[in-house]
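One letter stands for each residue in the lines below.
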Amino acid sequence: MAGTATVLTDDSRLSRVDQGLHKLELMLALLSGLTVFGLMLLAVISVGGRNFFNQPLPGYVDWIQQAMPLIAFMGISYTQRNGGHVRMDMLVGALKGRPLYIAELITTLAMFVFMVLMVWGTWAHFQRSFDFGMPMWSRDSSMDISLPLWPAKLLAPVAFGVLTVRLALQIVAYLRAIITGTEHPVAVPLPIDMATQAAMEAESVSGKDD
């Protein structure tokens, strides 16, 4: 299951790259959240139009189809950076130091290889849809209002590409931690225990009260 983690930073080049990439990940995650909010508004408009004017929003399902990649994929790199993806906390939490970094390196390498293949496959899928010589540059479109599908298909390799860069950065960080033996590596999610988590939440709440 997903655990709670913290990511350390310092003045090293690795940490600066991590923080720069994190800003992009935050923007993509925000875009994903705004898309969810936008679909909620579309649902209200569509239902309101059907009930009051007997005219639902045209192409509502088509817009949902276009928005699904934004919701599903844009936040995955942000989640990876913060250690929020599904993982075996009981196993990882029992490891410390180099054994922990080696285990994390192995799983991150496996994810990296998989995501490289996903970028290649989703890019090929996008290319089958995109064509400069076709109307709206699209070889396929949605069923109701004929929205071109290539923008939605492009989002997958973009999001997976950002995640691939994140995984590559974490591989470098884990290798650095293994070589140096540091107890406080930067640019990777470090699991924290329940007591530390509770203390951080208490500090956050007390800060808001001030």
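Residues numbered from 1 in each chain as written. Predicted model: local features only at pLDDT ≥ 70, side-chain atom pairs only at ≥ 80, totals over all residues. Heavy atoms only, no water.

**Q** When you look at the overall build of the chain in this model, what are you seeing that I'm missing?
**A** In terms of helices and strands, the chain carries seven helices and two strands. Residues counted as buried form 35% of the 210 residues belonging to the chain. Nonlocal contacts in the chain, meaning residues at least 24 apart in sequence, comprise 73% of its contacts between residues at least 6 apart. Per element, the accessible surface of the chain, about 12800 Å² overall, is 70% carbon and sulfur. (Helix = DSSP H or I, 4+ residues; strand = E, 2+ residues; numbered from the N terminus. Buried < 20%, exposed > 50% of the residue type's maximum accessible area, 1.4 Å probe, protein only. Contact = heavy atoms within 4.5 Å. Areas by Shrake-Rupley, 256 points an atom, 1.4 Å probe, with all protein chains shown as cover.)

**Q** Please clarify how unusual backbone geometry should be interpreted in this entry.
**A** Phi is positive for methionine 136, which is not a glycine, with a value near 55°. Structurally, methionine 136 is set in the loop between α5 (97–129) and α6 (150–180). Positioned with a positive phi, tryptophan 137 is a non-glycine residue whose angle comes to about 60°. On the secondary structure map, tryptophan 137 appears in the loop between α5 and α6. Overall, tryptophan 137 belongs to the partly exposed group, its relative accessible area being 41%.

**Q** Just to check I follow, could you spell out the confidence of the model for the chain for this structure?
**A** Interpretation of the predicted coordinates at a detailed level should be avoided for regions scoring low in pLDDT. With 89% of its residues at a pLDDT of 70 or more, the chain has an overall mean of 88. Element-level mean pLDDT values for the chain span from 64 in helix α7 (residues 194–209) up to 96 in α6. (pLDDT = per-residue confidence, 0-100.)

**Q** How do you make sense of the environment of threonine 182 when you look at a structure like this?
**A** You can see threonine 182 is positioned in the loop between α6 and β2 (189–191). Threonine 182 gets classed as partly exposed once you look at its relative accessible area, which sits at 28%. Here the alpha-carbon distance between threonine 182 and glycine 97, two residues 85 residues apart in the chain, equals 7.6 Å. Filtering out sequence-adjacent residues up to four positions away, threonine 182 remains in contact with Tyr101 and Ala177. A polar contact is formed between the side chain of threonine 182 and the backbone nitrogen of histidine 184, at a distance of 3.1 Å. (Polar contact = N/O pair within 3.5 Å; in protein donor to acceptor, adjacent residues only side chain to side chain.)

**Q** Quick question: what am I supposed to make of the packing of aromatic side chains here?
**A** Working definition: an aromatic ring pair is given by the centre-to-centre distance plus the angle between the planes. Under the counting rule described, the total for this entry stands at nine aromatic pairs. Consider the rings of phenylalanine 130 and phenylalanine 132, whose centres lie 4.9 Å apart with planes at 80°: the pair is edge-to-face. Note on phenylalanine 132: relative accessible area 62%, which makes it exposed. What makes phenylalanine 130 buried here is its relative accessible area of 19%. An aromatic cluster is present here, built from Trp123, Phe126, Phe130, Phe132, Trp137 and Trp150 joined pairwise through their rings. (Phe/Tyr/Trp six-rings, centres within 6.5 Å; stacked < 30°, edge-to-face > 60°.)

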